[in-house]
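Listed below, chain by chain, are the residues.
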Amino acid sequence: MRTFLRTDDGVSIDSVYDPASAVYDGSRPPSRDLVFVMAHGFTGDVDRPHVRRVVAALTDYAPVVSFSFRGHGRSGGRTTVGDREVLDLAAAVAWARDLGHARVVTVGFSMGGSVVLRHAALHAGVDAVVSVSSPARWYYRGTAPMRRVHWLVTRPEGRLVGRYGFRTRIHHRDWDPVPLSPVEAVPKIAPAPLLIVHGDSDGYFPVDHPRMLADAAGGAAELWLEPGMGHAEHAASDRLLARIGDWAASRAG
């Protein structure tokens, strides 16, 4: 099922609902009342192969709502790189509830990982949160990939590359005010269960980021540091996605 949702600030969000798989390995049948809401990383969208692979893996456990953040793919507006994207996720979560699901687990990757943390802190209403490859703090430029991302976002020529090279329309305005950071959001998520997943070979955000997030949770989060894993959806193995599905099914509600 595919539709366009409308956010509280009037942006049209391309969204897809995939039912749970009819085939499973016998260890745990797909849940009827649980739903995953998946938030992709920067320059992704709901039709990208790496996003569809994650959706397909999670449907072994429950239905999945996926969507393209504003400025990405067929959604309207321009990306604010993690700020107003919280409203996009809120619209997707509300749709999942309207479809009759009693338990909602948000799963985000990279930028989407920061958005699920901030959404859970600011809006509540989810039953568990999984954040994969999220930054802990804003404006990080400590790695070459992140310096390239900042060029893409902050320079006019970078935004042209984003629009025509990555199908991503980037807002030209700076944040004003600066939004709540992921590390500031984490303490506000409890009592919802929180899982923080990060690769120890992540080329964008080194392991001090997930450790900062886990420390900020004050013992209320699980931290998985994955040996040899790189960054976000591309680096998440099918085995890791299965572990996330098992964790969510056992923790949500």
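Nothing here was measured: the structure is a model prediction, and the numbers come from that model. (Residues numbered from 1 in each chain as written. Predicted model: local features only at pLDDT ≥ 70, side-chain atom pairs only at ≥ 80, totals over all residues. Heavy atoms only, no water.)

1. Overview of the environment of serine 21
Piece 1. With respect to the secondary-structure elements, serine 21 resides in the loop between β2 (12-18) and β3 (34-39).
Piece 2. Here serine 21 falls in the partly exposed class, since its relative accessible area comes to 22%.
Piece 3. When the C-alpha atoms of serine 21 and alanine 248 are compared, they prove to be 16 Å apart, with 227 residues separating the residues in sequence. (Helix = DSSP H or I, 4+ residues; strand = E, 2+ residues; numbered from the N terminus. Buried < 20%, exposed > 50% of the residue type's maximum accessible area, 1.4 Å probe, protein only.)

2. Brief notes about the packing of aromatic side chains
Each aromatic ring pair is described using two quantities: the centre-to-centre distance and the angle formed by the ring planes.
Piece 1. Under the defined criterion, the tally for this structure stands at five aromatic pairs.
Piece 2. Ring centres 6.1 Å apart and planes at 45° place the aromatic pair tyrosine 140 and phenylalanine 205 in the tilted group. Separated by 65 residues along the polypeptide, tyrosine 140 in the loop between β6 (128-132) and α4 (144-154) and phenylalanine 205 in the loop between β7 (194-199) and α7 (208-216) bring together distant segments of the chain.
Piece 3. The rings of Trp138, Tyr139 and Trp175 are connected pair by pair, giving a single aromatic cluster. (Phe/Tyr/Trp six-rings, centres within 6.5 Å; stacked < 30°, edge-to-face > 60°.)

3. Overview of the side chain of arginine 70
Piece 1. Along the polypeptide, arginine 70 turns up in the loop between β4 (64-67) and α2 (85-98).
Piece 2. A polar contact is formed between the side chain of arginine 70 and the side chain of aspartate 9, at a distance of 2.8 Å.
Piece 3. Among all residues touching arginine 70, those that are not within four sequence positions of it are Thr7, Asp9, Val11, Ile13, Ser75, Gly76, Arg78, Thr79, Arg84, Glu85, Leu87 and Asp88. (Polar contact = N/O pair within 3.5 Å; in protein donor to acceptor, adjacent residues only side chain to side chain. Contact = heavy atoms within 4.5 Å.)

4. Concerning helix α9 (residues 238-251)
Piece 1. Its 14 residues place the ends of α9 20 Å apart at the C-alpha level, agreeing with the 20 Å of an ideal helix rising 1.5 Å per residue.
Piece 2. On its buried side, α9 packs onto β3, α1 (49-58), β5 (103-109), β6, β7 and β8 (221-226). (Expected span 1.5 Å × (residues − 1).)

5. Describing the packing of α2 against helix α3 (residues 111-122)
Piece 1. The interhelical angle for the contact between α2 and α3, taken along N-to-C directions, is 70°, at an axis separation of 9 Å. In terms of axis orientation, α2 runs roughly perpendicular to α3. Where α2 approaches α3, its residues Glu85, Val86, Leu89, Ala90 and Val93 are matched on the opposing element by Met111, Val115, Val116, Arg118 and His119.
Piece 2. Tallied by class, the residues present in the contact of α2 with α3 amount to seven nonpolar, one polar and two charged. (Axes fitted to C-alpha atoms, helices over the stretch in contact; angles between N-to-C directions. Parallel < 35°, antiparallel > 145°, perpendicular 65-115°, else oblique. Nonpolar A, V, L, I, M, F, W, Y, C, P; charged D, E, K, R; others polar.)

6. A look at the packing of α4 against helix α5 (residues 156-165)
Piece 1. The geometry of α4 relative to α5 is characterised by a closest axis approach of 5 Å and an angle of 95° between their N-to-C directions. Relative to α5, the element α4 lies roughly perpendicular. Taking contact as the criterion, the partners of Trp151, Leu152, Val153 and Thr154 in α4 are, on α5, Pro156, Glu157, Gly158, Arg159, Val161 and Gly162.
Piece 2. Of the residues in the contact of α4 with α5, the class split is five nonpolar, three polar and two charged.

7. A few points about a nonpolar patch on the surface
Piece 1. Together, Trp151, Val161 and Phe166 make up an exposed nonpolar region whose accessible area comes to about 250 Å².
Piece 2. Structurally, the position occupied by valine 161 is in helix α5. (Patch = residues over 30% accessible without salt bridge, like charges linked within 9 Å, V, L, I, M, F, W, Y side chains within 5 Å. Areas by Shrake-Rupley, 256 points an atom, 1.4 Å probe, with all protein chains shown as cover. Salt bridge = Lys/Arg side-chain N within 4 Å of Asp/Glu carboxyl O.)

8. Re unusual backbone geometry
Piece 1. Here aspartate 176 and proline 177 are connected by a cis peptide whose omega angle stands at 5°.
Piece 2. Summarising the element assignment, proline 177 is placed in the loop between α5 and α6 (182-185).
Piece 3. The omega torsion of the bond from alanine 190 to proline 191 falls at 15°, within 30 degrees of zero and hence cis.
Piece 4. The topology assignment puts proline 191 in the loop between α6 and β7.

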